[in-house]
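# Structural overview
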Amino acid sequence: MTLFSVEGKTVVVTGGSRGIGRMIATGFAEAGARVYISARKTAEVDKTAAELGCVAVPADLSTPEGLQTLVSAVDGPLHVLVNNAGATWGAPLEEFPEHAFDKLWNINVKGVFYLTQKFLPQLRAAASADDPARVINVGSVDGIRVPELPNYAYSATKSGVHMLTRHLARHLAKEHITVNAIAPGPFESKMMAFALDDPTTRELVASNVPLGRIGRPDDMAGAAIYLASRAGAYLTGTVIPVDGGITA
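Residues numbered from 1 in each chain as written. Predicted model: local features only at pLDDT ≥ 70, side-chain atom pairs only at ≥ 80, totals over all residues. Heavy atoms only, no water.

## A closer look at helix α3 (residues 64-73)
For α3, the complete set of buried residues consists of G66, L67, L70 and V71. Down the axis, α3 shows its buried residues gathered within 130° of arc, on one side only. Of the residues in α3, the exposed ones pointing more than 90 degrees away from the buried face are P64, E65 and S72. Each element contacted by the buried residues of α3 is listed here: β1 (10-14), β2 (34-39), β3 (55-58) and α4 (98-126). (Buried < 20%, exposed > 50% of the residue type's maximum accessible area, 1.4 Å probe, protein only. Helix = DSSP H or I, 4+ residues; strand = E, 2+ residues; numbered from the N terminus. Arc of directions from axis to C-beta. Contact = heavy atoms within 4.5 Å.)

The following block contains the structure:
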């Protein structure tokens, strides 16, 4: 158990009120970590925090004010930062609006970079050679391969998250801060609801996964806990697909 222990660590999970963020926050909370979760909607983040035993921080991380709100709410060293907050946008090629690219870039990429930047003092305070501080970015399999249904800005920004992960990892390694990314396949989330809420479409999605099923909460929580524990201390700059074999 010690190899995979995160007990007593301070963890921040952005977009933690639902979907993949909630799965990750649940895993850390159940494993004994002190978890802060953030999301834009106060009622949702408060409700989830009460259910999980986390600390709720309502914040819009697409704005400088929101970033500062979250950073200021976390006391002391930060052992694990999970950059999960993200957005998507669907529209035909000929109709895809410019403001959609701007929105997704600001949330999916700039938000990851600047929140990490602002948390650096607290990550440095938690870091040591034997137990590095951890940054875990949530990318996507759509940032690795082109999906069947085009999502131009989403795929482009998630690919950007993967490269940003490698870039930060290279430059923060000397400070004992590891930076890795998880690239989820299909999981229960608001982004996937259009497909997974319909039984026929859900079956089709699952049939295209080599392992034959949709991802479960423990699959996501397990990957994040691995990266945050002693077991994952020697990994940095990696992008780990948690996708049932889709990218294979």
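Past the structure itself, the notes keep going.
## Looking at the environment of A73
With respect to the helices, strands and loops of the structure, A73 is situated in helix α3. Relative accessible area serves as the criterion here: at 30%, A73 is assigned to the partly exposed category. Separated by 37 residues in sequence, A73 and Y36 have C-alpha atoms that sit 8.8 Å apart. Among all residues touching A73, those that are not within four sequence positions of it are Y36 and V57.

## Topic: the packing of helix α1 (residues 19-30) against helix α8 (residues 217-228)
Between α1 and α8, the shortest axis-to-axis distance is 8 Å and the interhelical angle comes to 60°. Compared by their axis directions, α1 and α8 come out oblique. Pair α1 / α8 crosses with right-handed handedness. Contacts between α1 and α8 pair I20, M23, I24, G27 and F28 from the former with P217, M220, A221, A224, I225 and A228 from the latter. Among the residues forming the contact of α1 with α8, the class breakdown is 10 nonpolar, one polar and no charged. (Axes fitted to C-alpha atoms, helices over the stretch in contact; angles between N-to-C directions. Parallel < 35°, antiparallel > 145°, perpendicular 65-115°, else oblique. Left-handed = near helix turned anticlockwise from the far one by under 90°. Nonpolar A, V, L, I, M, F, W, Y, C, P; charged D, E, K, R; others polar.)

## What to know about the side chain of K158
Tracing the chain through its elements places K158 in helix α5 (residues 152-172). Although buried, K158 forms no salt bridge, and the nearest oppositely charged side chain, D142, lies 9.8 Å from it. Apart from the residues within four sequence positions on either side, K158 is in contact with N108, V138, G139, S140 and G143. (Lys, Arg positive; Asp, Glu negative; His and termini not counted. Salt bridge = Lys/Arg side-chain N within 4 Å of Asp/Glu carboxyl O.)

## Digging into the packing of α1 against helix α2 (residues 42-52)
Interaxial distance between α1 and α2 falls to 10 Å at its minimum, and their mutual angle equals 30°. The pairing of α1 with α2 is recorded here as roughly parallel in orientation. For α1 against α2, the interelement crossing comes out right-handed. From α1, R22, A25, T26 and A29 reach across to α2, where they touch T48, E51 and L52. The class makeup of the residues in the contact of α1 with α2 is three nonpolar, two polar and two charged.

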